[in-house]
Structures are given as C-alpha cells and as structure tokens.
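Results of the structural survey
The primary structure of each chain is shown beneath.
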Amino acid sequence: MKAKVSQPTAPVLDDLARDVEGRLPPPRGACAVALLRLLHARTPPAYFARVAPGEAATDAVSLFELIEKPFVGFRVRVRAAGSKRMALESAGPDQPFILDSLLELLRVRGCQTAEVFHPIVAVERSPSGAVVSIGPPRSGVELVSVIHVELEEPISEAARENLAHEAEGVLKEARLVVQDFEPMLKKLREVEDDLLEHFHEAASAPERDDFKEAMAFLDWLRRANFVFLGYRGYDLKGKEPDAVIEVEHGSGLGILRDEARSTFAKPKLLSSLPADL
C-alpha cells in the first residue's frame, strides 16, 4: 500500500523510489521504498527543490538500515545528511514522548531544527528478524517510530557524539516513564487511600480541609492533567536527634527507578539537611 502524497510531490517520489530500489536487493529495496513514501507522505515540493535527489534517496536507505535489526531499545545517531545538512535520527518501538523528548533536548542545546520527519510504520519480520514488509500503522504488528530531524547549522564531530549520547539517555528515560505508567498510577491511588484514612482520623475541621484539598489535587492529577515521570518512596527512621531519611528500596519508578542516584540512597541524618528543605 502506497502512502498518499500531494500530486506535485508524487512524480518526485516515483523517481526517488526507483533510485532507492536500485540500491538494495529484494525484498530490502521494496521495503526501503515503502519507508521512503511514508517518510515523505506530507513533504511539500519545496523540500525536494532544496535537497539533491541522491541525498534524499540516501536518507531513505540509511533510515531503513537503522530499523533492519530487531530492537532492544532505541537506536540513535547524529550524521551528516548530504553536503550541507545535519540530522538527528532515531528508530525504535513506538510509544509516547519520543519526538517531544528529542525536540526539547535540541531546544535546550540551542540546536535549531529545519525539518522534522516522524512516520510511524508497521514492520513485519521473518523468523530470523529480517524486515520483509513496511507499511502504514495497523494493529497486530510491530510499530516502529522513525525520526529524522534536520538541523539548521552543522555541528562538530565532538558535539555530534555528545548529542547522540544525550539523546540515547533521554529516550531511555522516556521508555522507563511509559513502562512504569501503571505502577505510578497505582502508587498515586495508594497515597489517595492514605490521605482518605487521615481525613477520617483528623481531629479538627481545618485538618480535614487540608486533607480534602490534597485529595482533590491528586484526583486532578490522575484525570490526565499531569505527566508522571517518576516516583520514589523515602523512609523516616528513628527519633531526633538521630532520625534519618533513606530511600525506600525497591520503590523507584520511571526516571527515578535507579535508586543508587538518590541523595538518600544511604541513611542521612535529618539534622544534616537544610532547614528549608
């Protein structure tokens, strides 16, 4: 199935498709062509006026090679895309927050984006893991998020390596956030239950009002008004002046899953903390 494209763009894509298919043996050539058409399904003709046809074909082949092997996590790279373009590229299992996370990283690093391509494609593989078919998204098959972001300005080799490394870390954290979404919601409900118990035990109307306000806030968060990135529990042990705070081991979720990175991975005296903490 071919992706629908605007009429002025279709002849350009047909020429590119012949170029791409001629570079790879079957069925890889046909798969790369399918990716090409999905990649540029909404690309305006002006883009192809700026980019040499050979470079656009090379981009499609290169992106196909990025998704050829089965995924363990995300694959990320920053490469020179032709003589004047630089691109941040990634491929991996489709999920929320991938593109937004990468664009935010580029914004923070001061990298201006020129073009953004983000097709989500259905991939079928042989028993050995080789790609045998690529098409529009549909249920029941592997869905792959393919991202190609072109930058306004070239960056140095060292900056490329750093950006790719940071992008890998950002996407790894995004993966943890998605994987731990339901466990984080479960923790939220547990906190709501605790607050409700304290509400019923409260001795005065002002105390009950405080707990009621806190419960309303958590209810607002749970109704899709907040993106849960991480959760970590902490234990308070002992009595002053020897009271300590420590991570509740095994509680970390999302981007806070790695408890070893916490300031409180080991017990810390409460008296040693800043008074305003």
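The present account deals with the structure reproduced in this document. (Residues numbered from 1 in each chain as written. Predicted model: local features only at pLDDT ≥ 70, side-chain atom pairs only at ≥ 80, totals over all residues. Heavy atoms only, no water.)

**Observations concerning helix H2 (residues 28-39)**
How we decide: Under the DSSP-based scheme used, a helix requires at least four consecutive residues in state H or I and a strand at least two consecutive residues in state E, with every element numbered from the N terminus. The span one expects for a helix is its residue count, reduced by one, times 1.5 Å. Relative accessibility thresholds used throughout: buried, under 20% of the residue-type maximum; exposed, over 50%; partly exposed, between the two (1.4 Å probe, protein chains only). Contacts were defined at the residue level, with two residues in contact if any of their heavy atoms lie within 4.5 Å.
The terminal C-alpha atoms of H2 lie 16 Å apart, and with 12 residues this matches the ideal 16 Å at 1.5 Å per residue to within 8%. The element H2 is largely enclosed, with a buried count of 10 among its 12 residues. Those residues of H2 that fall on the buried side of the exposure criterion are Gly 29, Cys 31, Ala 32, Val 33, Ala 34, Leu 35, Leu 36, Arg 37, Leu 38 and Leu 39. Here the buried face of H2 lies against helix H1 (10-23), helix H4 (53-67), strand S3 (113-117), strand S4 (120-125), strand S5 (131-135) and strand S6 (142-151).

**Structural notes on the layout of surface pockets**
Put simply, the test is: Cavities and pockets are found on a 1 Å grid laid over the protein atoms alone: a cavity is a set of points where a 1.4 Å probe fits but cannot escape, a pocket is an open set with protein on both sides within 12 Å along at least five of seven lines, and a lining residue has an atom within 4 Å of such a point. Grid points are joined across faces, edges and corners, and a volume is the space filled by probe spheres set on the points. Only Asp, Glu, Lys and Arg are considered charged in this grouping, and only Ala, Val, Leu, Ile, Met, Phe, Trp, Tyr, Cys and Pro are considered nonpolar; every other residue, Gly among them, is considered polar.
Considered as a void within the structure, the second largest pocket measures approximately 240 Å³ in volume. Surrounding the second largest pocket, 13 residues form its lining, Arg 50, Val 51, Lys 84, Arg 85 and Glu 150 being those nearest its centre. Elements that contribute at least two residues to the lining of the second largest pocket include exactly helix H3 (45-50), S3 and S6. A per-class count over the lining of the second largest pocket returns 5 nonpolar, 1 polar and 7 charged.

**Notes on the pairing of S4**
Keep this limit in mind: Being paired, for any two strands, means DSSP has found at least two bridges between them.
As paired elements, S4 and S6 share 4 bridges and run antiparallel to each other. Paired with Val 121 across the bridge in S6 is Val 144. Counting the residues in the hairpin turn of S4 and S5 gives 5 residues, including Gly 129, whose phi is positive at 100°.

**Re the side chain of Asp 180**
To keep it simple, the criterion reads: We call two N or O atoms a polar contact when they sit within 3.5 Å, provided that within protein one can donate a hydrogen and the other can accept it, with sequence-adjacent residues counted only if both atoms are side-chain atoms.
One can find Asp 180 in the loop between helix H6 (157-179) and helix H7 (181-201). One polar contact links Asp 180 to Arg 257, side chain to side chain, over a distance of 2.9 Å. Among residues more than four places away in sequence, those in contact with Asp 180 are Leu 253, Gly 254 and Arg 257.

**A word on unusual backbone geometry**
Cis geometry is found at the peptide bond from Pro 26 to Pro 27, where omega equals -5°. Residues Glu 240 and Pro 241 are joined by a peptide bond in cis, for which omega reads 10°. Checked against the element boundaries, Pro 241 lands in the loop between strand S8 (234-237) and strand S9 (244-247). Unlike most non-glycine residues, Phe 97 shows phi in positive territory, near 75°. If you trace the backbone, Phe 97 turns up in the loop between strand S2 (86-93) and helix H5 (98-108). You will see that Ala 224, though not glycine, has its phi angle at about 65°, which is positive. Following the sequence through the fold, Ala 224 ends up in helix H8 (residues 205-225).

**Here we look at the environment of Val 244**
Position of Val 244 among the secondary structure elements: in strand S9. Note: C-alpha distance between Val 244 and Ile 155 (89 residues apart in sequence) is 48 Å. Setting aside residues up to four positions removed in sequence, Val 244 forms contacts with Asp 235, Leu 236, Lys 237, Pro 267, Lys 268, Leu 269 and Leu 270.

**A word on the sheet that holds strand S11 (residues 268-269)**
An order of S8-S9-S11 is seen for the 3 strands of this open sheet, with the pairing classed as antiparallel. The sheet terminates laterally at S8 and S11, the two strands that pair on one side only. As paired strands, S8 and S9 are joined by 4 bridges and run antiparallel to one another. Bridge pairing in S9 links Lys 237 to Val 244.

Just geometry here; none of it tells us what the structure is for.
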